[in-house]
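Below, each chain spelled out in residue letters.
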Amino acid sequence: MVESTRARSDEPQSDPDKAGALAAGPVPVGTPTVRPAFDDDHPPSAELISDCVHCGFCLPTCPTYTLWGEEMDSPRGRIDLMKAGLQGAPLSDTMVQHFDACLGCMACVTACPSGVQYDKLIEATRVQVERHHTRSPGDRAMRAAIFALFPYKKRLRALRGPLRAYQASGLPSVVRKSGLLDRLAPKLAAMEGLAPVLEKREKLPERVPAAGTRRAVVGMLTGCVQGEFFPGVNAATARVLAAEGCDVIIPRKQGCCGALSVHNGRQQEAESFARSTIDAFEAAGVDTVVVNAAGCGSSMKEYADVLADDPDYAERAKAFSAKVRDVSEFLADLGSVAPRHPLEVTVAYHDACHLG
Ligand code: SF4
Ligand code: SF4
């Protein structure tokens, strides 16, 4: 979603402290008018930052570092920027640019031998960026449009008709060949290029019964984008679970899980989606909540952190998070009983980063 305008460098920078200081800009000692990057409301944890020993093992796993070779676009460099922010450096545009460019893929988390919890650090940082950084009008408009649309099923559904008509019209190839959208609105062009070819929407019932002997009763998240843009994935997930002996409960009242908001520092919005999701699945009375989108599952496993300060939901969030399983985790634990019909094909498996 974030497009970088940074200068590309072929030579990786190797001095993280220097890089951090450069991006943070001069620290205005004794200048009362310049606000430090972070306030005291859950800034990135100094303790977690101190776990980073600057070894650099994470660097080759970071897509933004391998692409740009820029220390400040590496996990280590970003951690150093957080440290500079904690020490009083202001939240400069450059600093925000490097935080924004982080994909949140968490490849660095599994690569780090020191167990640095970069996921927690970047999430806390993004909340602070949202609170204190003023974006350009164009950026604000784009983000407002994204967050007014993507987490809401009904709005996405309303978009399906026009989008399907556009895709069927042959216009997409004309638009792409002309390069006009790329020049006028590069972010919109990127989104247009990523839009899936919309398949027919299959409406799932509230309960899909187990085939044969029932072995488990599970709730299933249908999500927002997943449900409207990739409905076939949800339908296939329910079929597989049912074939493995699960009653699948699909609460009508569920909506967006809040992952998009969590990953973008939109704290209040994330809390609100988390509460609604907990309400919906508590009412369904299921012991397990199965998710087929790794990013959503990862956020739902963190509801205890998202709602830690909410006295009404903190304990419920912990209990809820303990029930969340990615569909592949769940099926691996359950063991298979459904008859197999092997296909003679070679497939590639994408090991989702948030699942790792
Ligand atoms: S691998 Fe871990 S400790 Fe080493 S630089 Fe990266 S984040 Fe820091
Ligand atoms: S989350 Fe991904 S993009 Fe961000 S610093 Fe870690 S490896 Fe790099």
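Engineer: Give me the overall build of the protein: which residues, what numbers.
Structural biologist: Looking only at helices and strands, one finds 20 helices and 5 strands in the protein. The C-alpha atoms of the protein give a radius of gyration of 22 Å, which matches the 21 Å a tight globule of 356 residues would have. Considering only C-alpha atoms, the protein reaches an extent of 70 × 55 × 40 Å along its principal axes. Expressed as a percentage of the 356 residues in the protein, the buried residues total 45%. Intrachain contacts of the protein at a sequence separation of at least 6 include 78% that bridge at least 24 residues. Charge separation in the protein, taken as the distance between the mean sites of 40 positive and 44 negative side-chain charges, equals 9 Å.

Engineer: Provide a residue-level description of the site of ligand 1, including the pertinent values.
Structural biologist: In the vicinity of ligand 1 there are 13 residues, among which Cys52, Cys55, Gly56, Cys58 and Cys112 approach most closely. Spatially, ligand 1 is embedded in the largest cavity.

Engineer: Break down the layout of surface pockets for me, with residues and values.
Structural biologist: Quantified by volume, the second largest pocket comes out at close to 580 Å³. Lining the second largest pocket are 25 residues, with His42, Glu123, Ala124, Asp305 and Val306 sitting closest to its centre. Residue assignment for the lining of the second largest pocket shows that the elements contributing at least two residues are helix 7 (118-132), helix 15 (259-263), helix 16 (267-284) and helix 18 (303-306). With 7 residues, the top contributor of residues to the lining of the second largest pocket is helix 7.

Engineer: I'd love a proper account of a nonpolar patch on the surface, names of residues and values included.
Structural biologist: Together, Leu343, Val345 and Val347 line one region of the surface with nonpolar side chains, adding up to about 350 Å² of accessible area. Relative to the helices and strands, Leu343 is located in the segment after helix 20 (327-334).

Engineer: Which residues make up the site of ligand 2, and what values do they have?
Structural biologist: Lining the immediate environment of ligand 2, one finds Cys62, Pro63, Pro75, Arg78, Cys102, Leu103, Gly104, Cys105, Met106, Cys108 and Tyr118. Under a 2 Å grid-point criterion requiring more than half of the atoms, the pocket assigned to ligand 2 is the second largest cavity. Along the lines of polarity and charge, the residues of the shell around ligand 2 split into 9 nonpolar, 1 polar and 1 charged.

Quick notes on the rules
- Residues numbered from 1 in each chain as written.
- Chains lettered and ligands numbered in written order.
- Predicted model: local features only at pLDDT ≥ 70, side-chain atom pairs only at ≥ 80, totals over all residues.
- Heavy atoms only, no water.
- Helix = DSSP H or I, 4+ residues; strand = E, 2+ residues; numbered from the N terminus.
- Rg over C-alpha atoms; globule rule 2.2 N^0.38 Å.
- Buried < 20%, exposed > 50% of the residue type's maximum accessible area, 1.4 Å probe, protein only.
- Contact = heavy atoms within 4.5 Å.
- Lys, Arg positive; Asp, Glu negative; His and termini not counted.
- Charge placed at Lys NZ, Arg CZ, Asp CG, Glu CD.
- Near = heavy atom within 4 Å.
- 1 Å grid on protein atoms, 1.4 Å probe; cavity = no way out; pocket = protein on both sides within 12 Å on 5 of 7 lines; lining within 4 Å.
- Sits in = over half its atoms within 2 Å of the grid points.
- Points joined across faces, edges and corners; volume = space filled by probe spheres on them.
- Patch = residues over 30% accessible without salt bridge, like charges linked within 9 Å, V, L, I, M, F, W, Y side chains within 5 Å.
- Areas by Shrake-Rupley, 256 points an atom, 1.4 Å probe, with all protein chains shown as cover.
- Salt bridge = Lys/Arg side-chain N within 4 Å of Asp/Glu carboxyl O.
- Nonpolar A, V, L, I, M, F, W, Y, C, P; charged D, E, K, R; others polar.

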